[in-house]
Amino acid sequence: MELRFTPEEIAFRDDLRRFFREKIPAGIRQKVAEGRHLGKDDIVTSQRILNEAGLATPNWPVAWGGKDWSAVQRYIYTEELQRAAVPLPLQFNVFMVGPVIAAFGSEEQKRRFLPATANLDIWWCQGFSEPGAGSDLASLKTRAEKKDGKYIVSGQKAWTTLGQHADWIFCLVRTDREAKKQKGISFLLIDMKSPGITVRPVITIDGAHEVNEVFFDEVEVPAENLVGEENKGWDYAKFLLANERTGIARIGLSKQRLARAKRLARETEAGGRTLWEDTDFRRRVAEIEVGLKALEITQMRVVANQRHRHADKPDPASSILKIRGSELQQATTELLLEVAGPYSLPAPDHEQPEGWNEPAVSPEWADAAAPLYFNYRKVSIYGGSNEIQRNIIAKAFLGL
Amino acid sequence: MTEEQRLLKESIDRFAADNARDPGAHSAPGAAQDGAALWSGFAELGLLALPFSEEDGGIGGGPVETMIVMEAIGRGLITAPYLSTVVLGGGFLRLGGTEAQRQEFIPQIADGSLKLAFAQLERQSRYDLHDVSTTARRDGSDYVLDGRKGVVLGGDEAGLLVVTARTAGSRRDEGGITLFLVDGDTPGVTRRGMPAQDGSRVAEIALDGVRVPAERVLGEVDGGLRLASHVVDVALAALCADSLGAMEELQRLTVDYLKTRQQFGVAIGSFQALQHRAADMLVAVEQARSMAMYAAMMAEEADPRERRPAIAAAKAQVNRSGRQVGQEAVQLHGGIAMTWEYKAGHYFKRLTSNDVLFGDTDHHLRAVMEAGGLVEEI
């Protein structure tokens, strides 16, 4: 396997690097770099710039705006997006529902949804988890009963990320209560403006409104909003989750955070010198860097192997990427918290008394460190918790 | 992997499996593997000629080929002096030897008649290649060497020693170090061989007034450190592959054991507490594999600013994975892995020995730190 980039690949990388720096507004990238929550407008603006250049949906089929890129080019693209602190294209649109519609949807659904999904004219959210169906997703209870050419949907979805912005939700719903649990599930597209839908915010420990509960009370959904076949939804969900996992290591993001922690450590005084001169600190940095390099090469191995695999079958190696990727993402947010130190204590967006003109004692970036650290505990829980990933490895790799 | 590399891998894997060492089954503590037959097997397969250029009588393999061989050697727990003779000794000749030196020695390595050893470690030097107190004094057309070297891999059977000695400067100076090719039977060379923890043999070597002709200087006078550092990096990449092979086999043994060992009426592998630990072992092995590949990719890089942090990072990761895999394998096996008779404990010992060869985790993390790290600042 060739782990070094060819001159063509380096040129490809440099073009992307330049485009991201020049075209995506610096203010948006600054927020991403500091790990602050983005507004809806930031995400829409950024994705439309990418989409106009054909860079929002490279993973889609070429006929629907995708790119015929090699695995290495796709890898470079994701790396550079994260490295330049460009908001990732909305994952619910680009990595989840878009590929599912492209692969299993009707021609009518493709025409209706795919261009609008790419351009973020439609904002999608994900209706999978429920209060009683977390790691055991297939035990979901939200039901859809067919009546007069419509589905009547009742139930509750949980952890609906950015559902407050969403125009549409793609849901796993139970259409056959008699069948074995994976067999009676269907994949349904639901307009969030439908009567009977209620969205309730869930504020997370970082004080942010990122996730929601979504309640369905006899919501009418036209039958043509079913994707693929009835009761085959679990297969489509597995296809979708496999897509999700290939990008889950987020190595570019961790590198960007680590690079930032190094720069800030040089600017931060500690013990009469800079924090960067503290060998205990630098050793922690080195340990994370070694872990990141090992994961980066593991990711490239997985990418190289994907060419020889069926696209609809997840590579069990993606469980390794999920475990180590989430651990290292958490390690980098922990490192930034350590750099911020006592200056991480004030909560962000605190009010300024009128007429207060004193220079701030705490550095401006420091109040984002703790919320980011708190928020990133999620990454070892979502997308199949790290314990579920270990179950997958034990079963699929080791045959235990 | 190319087709040629795949063929090489098939043949070395078969050879290593046929010659896999099982210390508990075949020998008492302290006995070394029967080396002569094994070594001629290596020669017949062309493995002793592998890394040398075709002009020098070799096969022209690169670090990926060496990785394939070392991984198989580690998997088979083989103790033949491949690292000391072909990788280290051969590496010095390849990267620093004059044409005359290459022509004299490489054919003898390739046909299996000459073994080499790198005599570098001293009482005070630990992991610092530049900490050298052995002296070489110019006397006419000769140099005269005096000093003591220890833990010389394959040192008791090597016909030719590569010795670091100080020709200028003081003990810890980076300049002033010169490398010498010393015939093992030169008057003044005495050695004491001893078994090592991993089943191989090492030696202490005393150099008392050893006369070495000037044409046996390897590389630059006073400038030997750069070459030694490169060759040691090549050896570190090979060691990473050896550890990887040992980890693969230890992982396999452990998972097999989890499937067969019954307690409470079921296979212990059905317990989730053990499954997750076995899964974490696999994660550790795969991170080590990635870094062993990275090390192979970077080993021949001539610029030390590129090569050093990469190799150091690889060894740090492989050491860390090796600790975890070794300790967990013993724990998951339970008491059986504490016995000399069963193989698992010997793999654990192999990994522990590789860990402290040419730098432990702390040493290599420090090298990564001192290079400013691996992630470039934005």
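Quick caveat: nothing in here was measured; it's all calculated off a predicted structure.

**So, the overall build of chain A**
Part 1 of the reasoning: Secondary structure assignment for chain A yields twelve helices and nine strands.
Part 2 of the reasoning: Relative to the globule expectation of 21 Å for 400 residues, the C-alpha radius of gyration of chain A, 22 Å, shows essentially globular dimensions.
Part 3 of the reasoning: Seen along its three principal axes, the alpha-carbon backbone of chain A occupies a region of about 75 × 60 × 45 Å.
Part 4 of the reasoning: Considering chain A as a whole, with its 400 residues, one finds that 54% of them fall into the buried category.
Part 5 of the reasoning: For chain A, the share of sequence-separated contacts (at least 6 apart) that also reach a separation of at least 24 residues comes to 73%.
Part 6 of the reasoning: Summed over all atoms, the accessible surface of chain A reaches about 18300 Å², with 50% contributed by carbon and sulfur.
Part 7 of the reasoning: Each charge class in chain A can be summarised by its mean position, and for the 55 positive and 55 negative side chains these summaries are 5 Å apart.

**Details of the overall build of chain B**
Part 1 of the reasoning: Helices and strands together make up the secondary structure of chain B, namely eleven helices and ten strands.
Part 2 of the reasoning: Taken over the C-alpha trace, chain B has a radius of gyration of 21 Å; the compact-globule value for 378 residues is 21 Å, and the two agree within 12%.
Part 3 of the reasoning: Overall, chain B is about 80 × 55 × 40 Å in size when its C-alpha atoms are taken along their principal axes.

**Focus on the pattern of salt bridges**
Part 1 of the reasoning: Under the criterion given, the structure shown has 62 salt bridges over all chains.
Part 2 of the reasoning: Lys-193 of chain A is the salt-bridge partner of Asp-191 of chain A, the closest N and O atoms lying 3.6 Å from each other.
Part 3 of the reasoning: The partner of Glu-267 of chain A in a salt bridge is Arg-263 of chain A, and the shortest N-O contact between them spans 3.3 Å. Placement of the pair is Glu-267 of chain A and Arg-263 of chain A together in helix 8 (residues 251-267), with a separation of four residues, close to one helical turn.
Part 4 of the reasoning: Where salt bridges share partners, they join Arg-301 of chain A together with Lys-9, Asp-13, Glu-71, Arg-75, Glu-248, Glu-286 and Arg-289 of chain B into one cluster.

**So, the domain arrangement of chain B**
Residue and element names in this part refer to chain B.
Part 1 of the reasoning: Looking at the assigned domains, one finds that chain B contains domain 1 (3-113), domain 2 (117-223) and domain 3 (225-370).
Part 2 of the reasoning: Using only C-alpha atoms to locate each centre, domain 1 and domain 3 end up separated by 21 Å.
Part 3 of the reasoning: Contacts between the two partners involve 29 residues from domain 1, matched on the other side by 28 residues from domain 3.
Part 4 of the reasoning: Across the domain 1 to domain 3 interface the summed buried area is about 2300 Å²; carbon plus sulfur atoms make up 73%.
Part 5 of the reasoning: At the surface where domain 1 touches domain 3, the tally comes to three salt bridges.
Part 6 of the reasoning: On inspection of domain 1 and its partner domain 3, the count reaches four residue pairs in polar contact (both at pLDDT 80 or more).
Part 7 of the reasoning: Listed by contribution, the elements that provide at least two residues to the side of domain 1 that touches domain 3 are helix 2 (23-26), helix 4 (63-75) and helix 5 (82-96).
Part 8 of the reasoning: For the side of domain 1 that touches domain 3, the residue count by class is 15 nonpolar, nine polar and five charged.

**Thoughts on the interface of chain A and chain B**
Part 1 of the reasoning: With 40 residues of chain A at the contact, the number on the chain B side is 40 residues.
Part 2 of the reasoning: Interface area, chain A with chain B, both sides summed: about 3600 Å², of which 63% is carbon and sulfur.
Part 3 of the reasoning: Here chain A is connected to chain B by four salt bridges.
Part 4 of the reasoning: We note a salt bridge from Arg-301 of chain A to Glu-286 of chain B, for which the minimum N-O separation is 2.5 Å.
Part 5 of the reasoning: Here chain A and chain B share 17 residue pairs in polar contact (both at pLDDT 80 or more) between them.
Part 6 of the reasoning: For the side of chain A that touches chain B, the secondary structure elements donating two or more residues are helix 8, helix 9 (279-306), helix 10 (317-340) and helix 12 (386-397) of chain A.

**Describing the UniProt feature "domain: Acyl-CoA oxidase/dehydrogenase middle" (unreviewed entry) in chain A**
Part 1 of the reasoning: As recorded in UniProt, the feature "domain: Acyl-CoA oxidase/dehydrogenase middle" (unreviewed entry) lies at residues 125-219 of chain A.
Part 2 of the reasoning: Counted over residues 125-219 of chain A, helix gives 0% and strand 51%. Its end C-alpha atoms are 17 Å apart.

**Some thoughts on the nonpolar core**
Part 1 of the reasoning: Judged by nonpolar contacts, the single largest core of 112 residues is most densely connected at Phe-42, Tyr-82, Leu-83, Phe-92, Phe-118, Met-291 and Phe-358 of chain B.
Part 2 of the reasoning: Considering each element in turn, this core owes the most residues, 21 residues, to helix 7 (residues 224-260) of chain B.
Part 3 of the reasoning: If we ignore the near neighbours within four places in the chain, the residues touching Phe-118 of chain B are Leu-88, Phe-92, Leu-129, Val-152, Val-162, Thr-164, Leu-179, Val-232 and Phe-358 of chain B.
Part 4 of the reasoning: Counting 55 residues, the second largest nonpolar core, distinct from the first, contains Leu-140, Ala-144, Leu-189 and Ile-197 of chain A.

**Brief notes about the pairing of strand 1 (residues 124-127) of chain A**
Residues and elements named next belong to chain A.
Part 1 of the reasoning: With burial as the criterion, each face of strand 1 is covered, one bearing Trp-124 and Gln-126 and the other bearing Cys-125 and Gly-127.
Part 2 of the reasoning: Pairing between strand 1 and strand 4 (residues 168-174): four bridges, direction parallel. Bridge pairing in strand 4 places Cys-125 opposite Ile-169.

**Here we look at helix 4 of chain B**
All names here are of chain B.
Part 1 of the reasoning: With 13 residues, helix 4 extends 18 Å between its outermost C-alpha atoms, agreeing within 8% with the 18 Å of an ideal straight helix rising 1.5 Å per residue.
Part 2 of the reasoning: Where burial is concerned, most of helix 4 is hidden: ten out of the 13 residues are buried.
Part 3 of the reasoning: What helix 4 keeps buried is the set Glu-65, Thr-66, Met-67, Ile-68, Val-69, Met-70, Glu-71, Ala-72, Ile-73 and Gly-74.
Part 4 of the reasoning: Where the residues of helix 4 are buried, they touch helix 1 (3-18), helix 3 (35-44), helix 5, helix 7, helix 8 (272-298) and helix 10 (344-356).
Part 5 of the reasoning: Within two residues after helix 4, Leu-77 carries a phi angle of roughly 60°, on the positive side.

**Quick notes on the packing of aromatic side chains**
Each pair of aromatic rings is reported with the distance of its centres and the angle of its planes.
Part 1 of the reasoning: Overall, the coordinates contain 21 aromatic pairs over all chains when judged by the stated rule.
Part 2 of the reasoning: Centre to centre, the rings of Phe-92 of chain B and Phe-118 of chain B are 4.8 Å apart; their planes meet at 55°, and the pair counts as tilted. Of this pair, Phe-92 of chain B sits in helix 5 while Phe-118 of chain B sits in strand 1 (residues 116-119), and the two are 26 residues apart along the sequence.
Part 3 of the reasoning: What links up through ring pairs into an aromatic cluster is the set Phe-113, Trp-124, Phe-128, Trp-168, Phe-170 and Phe-187 of chain A.
Part 4 of the reasoning: The ring of Tyr-376 of chain A carries the charged tip of Arg-257 of chain A above its face, separated from the ring centre by 4.6 Å.
Part 5 of the reasoning: The ring of Tyr-376 of chain A has Lys-378 of chain A sitting right over it, with the charged end atom 5.6 Å from the ring centre.

**Details of unusual backbone geometry**
Residues and elements named next belong to chain A.
Part 1 of the reasoning: Even without being a glycine, Glu-218 presents a positive backbone phi close to 50°.
Part 2 of the reasoning: Secondary-structure assignment places Glu-218 in strand 7 (residues 209-222).
Part 3 of the reasoning: A positive phi angle, near 50°, is found at Arg-250, a position not held by glycine.
Part 4 of the reasoning: Looking at the secondary structure, you find Arg-250 in the loop between helix 7 (233-246) and helix 8.
Part 5 of the reasoning: With a relative accessible area of 18%, Arg-250 lands in the buried category.

**Some points on the domain arrangement of chain A**
Part 1 of the reasoning: Parsing chain A into structural domains produces domain 1 (7-89), domain 2 (124-232) and domain 3 (247-345 + 363-397).
Part 2 of the reasoning: If you average the C-alpha positions of domain 1 of chain A and of domain 2 of chain A, the two centres end up 30 Å apart.

Thresholds applied
Residues numbered from 1 in each chain as written. Chains lettered and ligands numbered in written order. Predicted model: local features only at pLDDT ≥ 70, side-chain atom pairs only at ≥ 80, totals over all residues. Heavy atoms only, no water. Helix = DSSP H or I, 4+ residues; strand = E, 2+ residues; numbered from the N terminus. Rg over C-alpha atoms; globule rule 2.2 N^0.38 Å. Buried < 20%, exposed > 50% of the residue type's maximum accessible area, 1.4 Å probe, protein only. Contact = heavy atoms within 4.5 Å. Areas by Shrake-Rupley, 256 points an atom, 1.4 Å probe, with all protein chains shown as cover. Lys, Arg positive; Asp, Glu negative; His and termini not counted. Charge placed at Lys NZ, Arg CZ, Asp CG, Glu CD. Salt bridge = Lys/Arg side-chain N within 4 Å of Asp/Glu carboxyl O. Domains from an automatic or database assignment. Buried area = accessible area lost by both parts, 1.4 Å probe. Polar contact = N/O pair within 3.5 Å; in protein donor to acceptor, adjacent residues only side chain to side chain. Nonpolar A, V, L, I, M, F, W, Y, C, P; charged D, E, K, R; others polar. UniProt positions renumbered as here; feature names shortened; annotations may be inferred. Core = buried A, V, L, I, M, F, W, Y, C linked by side-chain atoms within 4.5 Å. Pairing = 2+ DSSP bridges. Expected span 1.5 Å × (residues − 1). Phe/Tyr/Trp six-rings, centres within 6.5 Å; stacked < 30°, edge-to-face > 60°. Lys NZ or Arg CZ within 6 Å of the ring centre and 35° of its normal.

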